[in-house]
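This is what each chain is made of:
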Amino acid sequence: MVQGSWPTYGLALREVRCSSIVHILDTNMNLTAESHRIPLSDGNSIPLLGLGTYGDPRTTPKGTAHDCVKLAIDVGYRHFDGALVYFNEHEVGQAIREKIADGTVRREDIFYCGKLWNTFHPPELVRPALERTLKALKLDYVDLYIIELPMAFKDQDGNYIYHHTDLCATWEALEACKDAGLVKSLGVSNFNRRQLELLLNKPGLKHKPVSNQVECHPYFTQPKLLEYCRQHDIVIVGYCPIGSSRDASWVNLKCPPLLDDEVLVSIGKKYNKSSAQVALRFNIQRGVVVIPKSFNPERIKHNFQIFDFSLTEEEMKAIEALNKNIRFVELLMWSDHPEYPFHDEY
């Protein structure tokens with residue numbers, strides 16, 4: 001990352017819109033496998049490509065996350081997206097610490113994002129939840145800590161019931177965690193415009209959210225939310241960037257399989273790349289961070305190979321035109337929650 005390019009990028013974000021940002025990122029940032037960080041509004045930076053570490057704890061063999069994170073660091077990944085409720089942060093932390101110990105990376109090379117789960121929104125529960133993540137990781141701080149969903153729950157005898165909490169009060173507790181040095185940057189996830197404005201307009205706001213992690217891929221390009229976030233110096237982090245599993249228990253199966261799309265396949269053939277690599281490249285050229293999840297060693301390597309080609313402006317427009325405005329992840333089981341974020345247009 002070239003320090004001197006940061007102000008140029010910030011200027012570009014305000015002055016350049018939509019797909020033409022491809023030129024800004026490629027000419028001014030010079031994205032490479034070794035250097036693909038972009039600046040956050042608080043002075044920190046985030047790698048544009050990360051590894052999602054979610055695995056169903058009931059079916060994922062013990063040690064899988066550990067082995068895959070170690071492999072990913074060797075491949076070149078420096079950004080890892082995790083959560084307390086993935087129940088594998090101890091494995092992720094062990095892998096990171098082992099790669100620091102063997103000299104492959106330094107702690108400051110690694111970017112770890114943790115998440116505040118829905119049952120920990122009351123202000124007095126925020127720091128203890130973050131400290132549980134730090135204890136599992138055996139790290140002194142996390143690089144980014146985000147509110148996973150704007151919906152608060154109460155855990156009552158193992159059952160979730162809806163709970164009303166004040167997102168601004170939750171945010172103030174997070175600000176205190178940042179001031180205490182437990183986290184470098186603060187962000188949110190699955191927030192719509194109204195919920196972002198609630199935080200941005202909070203009286204006495206000390207630390208702005210630097211990121212909003214949302215579903216983002218060629219079938220759900222999020223143009224309006226992306227534009228709004230750019231105007232407010234909030235980086236979009238895209239989950240499901242290459243689509244999702246076809247698990248009917250939580251995935252919208254009306255959304256067709258993304259990786260079979262003829263446009264993505266055709267562009268991929270031109271560059272000798274897969275449709276997955278084209279979909280990932282599309283988002284990073286828009287300045288959207290991507291965190292594809294995989295515990296498959298070959299796919300982990302494959303998803304990282306997106307820095308040796310770039311898409312033309314025409315190709316970017318063709319992929320943008322694929323937008324169907326359909327979510328893979330609708331979270332309909334919580335659609336009657338007062339803070340369910342997906343009723344709003346964006």
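Here, the structure is the one placed above.
Reading the values: rules and limits
- Positions within a chain are numbered from 1, following the residues in the order the chain's sequence is written.
- At least 70 in pLDDT is required for a residue's local features to be given in this predicted model, at least 80 for side-chain atom pairs to be given and counted, and no such filter applies to totals for whole chains, interfaces and linings, which use all residues.
- The side-chain figures draw on all heavy atoms in the structure; neither hydrogens nor water molecules are used.
- Only DSSP runs of H or I covering at least 4 residues are called helices, and only runs of E covering at least 2 are called strands; the numbering of each starts at the N terminus.
- For every residue, the accessible area (1.4 Å probe, protein chains only) is compared with the maximum for its type, and the residue is labelled buried under 20%, exposed over 50%, or partly exposed between those bounds.
- Identification of polar contacts relies on pairs of N or O atoms within 3.5 Å, with a donor-acceptor requirement for protein atoms, meaning one able to donate a hydrogen and the other able to accept it, and with residues adjacent in sequence counted only if both atoms are side-chain atoms.
- Only heavy atoms matter for contacts: two residues are in contact if any of them lie within 4.5 Å across the pair.

## Remarks on the side chain of Q285
- Turning to its location among the elements, Q285 is positioned in helix α10 (residues 275-285).
- By relative accessible area, Q285 is classed as buried at 0%.
- Only 2.8 Å separates the side chain of Q285 from the side chain of R281, close enough to count as a polar contact.

## Notes on the environment of G76
- Counting through the fold element by element, G76 comes out in the loop between α3 (64-75) and β4 (79-81).
- Measuring from C-alpha to C-alpha, the distance between G76 and K301 comes to 8.9 Å, with 225 residues separating the pair along the chain.
- Look past the residues within four positions of G76 in its chain and what remains in contact with it is A33 and F304.

## Concerning the side chain of H337
- The topology assignment puts H337 in the segment after α12 (313-320).
- By relative accessible area, which is 5% here, H337 ends up buried.
- Among the polar contacts listed, one links the side chain of H337 to the backbone oxygen of A152, at a separation of 2.9 Å.
- The contacts of H337, once residues within four sequence positions are left out, are M151, A152, F153, Y162 and H163.

The values are spatial; any link to function lies outside them.
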